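# Survey of secondary and tertiary structure
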Amino acid sequence: MTRWVDQYIRNEEEQARVLQVDKLAASFAERASRHDREGSFPFDNFADLREAGYLKLTVPKVYGGEEISLYEMVMLQERLAYGDGSTALAVGWHMGQMLHLRTSRKWQEPVFADLCAAVVKDGAMINTFASEAASGSPSRGGRPETTATAVPGGWLISGRKTFSTLSPILDRFVVTAYIPDEDGVSDFMVSRDEHVSIIETWDTLGMRATGSHDVVLDQVFVPADHRLTGKGTDDGGGWLLHIPACYLGIALAARDYALSFANSYKPGQMDKPISSIPSVQHTIGQMELELRTAHTMLYSIAERWDRETENRPALKADLGLAKYAATNNAIKIVDLAMRIVGGTSLSRQQPLERYYRDVRAGLHNPPMDNVVIQNLAATALSEFE
């Protein structure tokens with residue numbers, strides 16, 4: 001990893017974790033092309049993450065985890081994505097949601113405690129499956145077609161979820177379901193059994209190894225105490241910063257590839273590499289402008305979220321802005337890197353074309369660009385009410 005990003009490391013404990021994650025990322029980078037070509041889930045990467053204790057980093061200390069900050073989670077997730085964006089984005093949903101559950105305490109404590117114990121002891125993971133083909137993303141207000149029907153001792157749940165990242169490896173997950181008798185929506189913790197099936201639909205342009213297949217639930221029984229009730233504390237959604245961290249990691253990898261190329265490539269009769277050409281230097285400068293701007297914004301808002309515990313709901317607009325800037329700047333950075341490298345950047349034998357495909361997925365992760373802009377407008381107008 002480049003020295004430039006090391007300025008964000010604040011202490012020896014973070015340095016030790018960074019060194020460990022950089023080693024993981026290097027291994028993931030060697031496997032990334034194969035998993036991308038096959039569209040296969042990287043079980044090998046997740047075995048390494050489990051062995052390294054990575055999966056428990058955001059678990060509360062009281063339950064045996066490391067309870068790392070949002071700032072540190074962002075830093076580590078970015079470095080994982082430097083090696084493989086798909087693996088980083090997929091595990092980021094688990095890491096982020098464990099942090100969110102820790103800070104919001106939105107679940108009943110016995111259920112949360114059991115989950116934490118499974119993460120620490122067995123390397124279990126969690127994700128929430130909410131999107132559906134007909135109703136779309138829940139972030140846009142769609143009501144799920146998945147239904148929950150009350151039965152003695154619990155609930156029967158049926159439906160089909162899309163974009164179910166981590167589905168090949170999870171033994172438990174959360175689903176959102178509509179309860180007709182209550183005319184409302186609730187979350188349920190589902191344990192995988194014979195009534196749960198995975199339809200391998202995930203065949204996409206980018207992020208091909210996240211295992212985001214469709215999950216079908218056919219009269220799955222959920223015990224009454226696994227209906228996840230309680231509102232908890234509004235933490236502003238800071239945990240979603242795992243998303244922009246991932247895309248900045250991909251952009252940083254593209255930037256480094258382009259710099260290495262520019263410092264070594266001597267076309268034709270040139271006696272110096274193309275990094276000596278003013279126009280190439282200008283493009284490199286543009287990459288740095290986009291990268292450093294996004295980094296400054298992402299890390300500063302993560303640090304504020306950690307520090308301003310009582311003010312987290314008010315940070316929502318800035319959290320969205322950090323995601324907007326990081327993902328859009330990342331797309332620009334990868335494009336500029338490809339301009340430096342030229343036609344060979346399109347080769348599937350090189351990683352740049354994968355970075356180009358993967359980084360675009362950030363536009364379709366929450367919060368969406370138009371939602372961020374609307375929230376910023378609403379925040380600005382509220383000052384004059």
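That block above? That's the structure.
Overview of the structure. (Residues numbered from 1 in each chain as written. Predicted model: local features only at pLDDT ≥ 70, side-chain atom pairs only at ≥ 80, totals over all residues. Heavy atoms only, no water.)

### Topic: the overall build of the protein chain
Helix and strand counts for the protein chain come out as ten helices and eight strands. Dimensions of the protein chain, computed from C-alpha atoms along their principal axes, come out at roughly 80 × 50 × 40 Å. A total of 385 residues make up the protein chain; the buried ones form 53% of that total. Pairs at least 24 apart in sequence give 73% of the contacts found in the protein chain among residues at least 6 apart. (Helix = DSSP H or I, 4+ residues; strand = E, 2+ residues; numbered from the N terminus. Buried < 20%, exposed > 50% of the residue type's maximum accessible area, 1.4 Å probe, protein only. Contact = heavy atoms within 4.5 Å.)

### Structural notes on helix H2 (residues 43-52)
Among all positions in H2, only Asn45, Phe46 and Leu49 are buried. For H2, the angular spread of buried residues about the axis comes to 95 degrees, placing them on one side. The inward-facing, buried residues of H2 contact helix H1 (12-38), helix H3 (70-83) and helix H4 (85-104). At the exit of H2 stands Gly53, carrying a positive phi of roughly 80 degrees. (Arc of directions from axis to C-beta.)

### Considering the packing of aromatic side chains
To describe a pair of aromatic rings, you give the distance between the ring centres and the angle between the ring planes. Summed over the entire model, instances satisfying the criterion amount to eleven aromatic pairs. Centroid distance Trp4 to Tyr8: 6.3 Å. Interplanar angle 75 degrees. Geometry classified as edge-to-face. On the basis of relative accessibility, which here comes to 12%, the residue Trp4 falls in the buried class. Ring centres of Phe163 and Trp202 lie 5.9 Å apart, and the angle between their planes is 75 degrees; this geometry places the pair in the edge-to-face category. (Phe/Tyr/Trp six-rings, centres within 6.5 Å; stacked < 30°, edge-to-face > 60°.)

### A closer look at the pattern of salt bridges
Taken as a whole and assessed by the stated rule, the structure comprises 28 salt bridges. The residue Glu72 makes a salt bridge to Arg17 at a minimum N-O spacing of 2.9 Å. Of the two residues, Glu72 sits in helix H3 while Arg17 sits in helix H1, which places them 55 residues apart along the sequence. For Glu72, a relative accessible area of 5% puts it in the buried group. By relative accessible area, which is 11% here, Arg17 ends up buried. The residue Arg348 makes a salt bridge to Glu353 at a minimum N-O spacing of 4.0 Å. (Salt bridge = Lys/Arg side-chain N within 4 Å of Asp/Glu carboxyl O.)

### Quick look at the layout of surface pockets
Here the second largest pocket is characterised by a volume of approximately 190 Å³. Around the second largest pocket, the lining is made up of eleven residues, and of these Ala25, Ala26, Ala29, Tyr82 and Gly83 lie nearest the centre. At the level of elements, H1, H3 and helix H9 (352-359) are the ones that each hand at least two residues to the lining of the second largest pocket. For the lining of the second largest pocket, the leading source of residues is H1, giving four residues. (1 Å grid on protein atoms, 1.4 Å probe; cavity = no way out; pocket = protein on both sides within 12 Å on 5 of 7 lines; lining within 4 Å. Points joined across faces, edges and corners; volume = space filled by probe spheres on them.)

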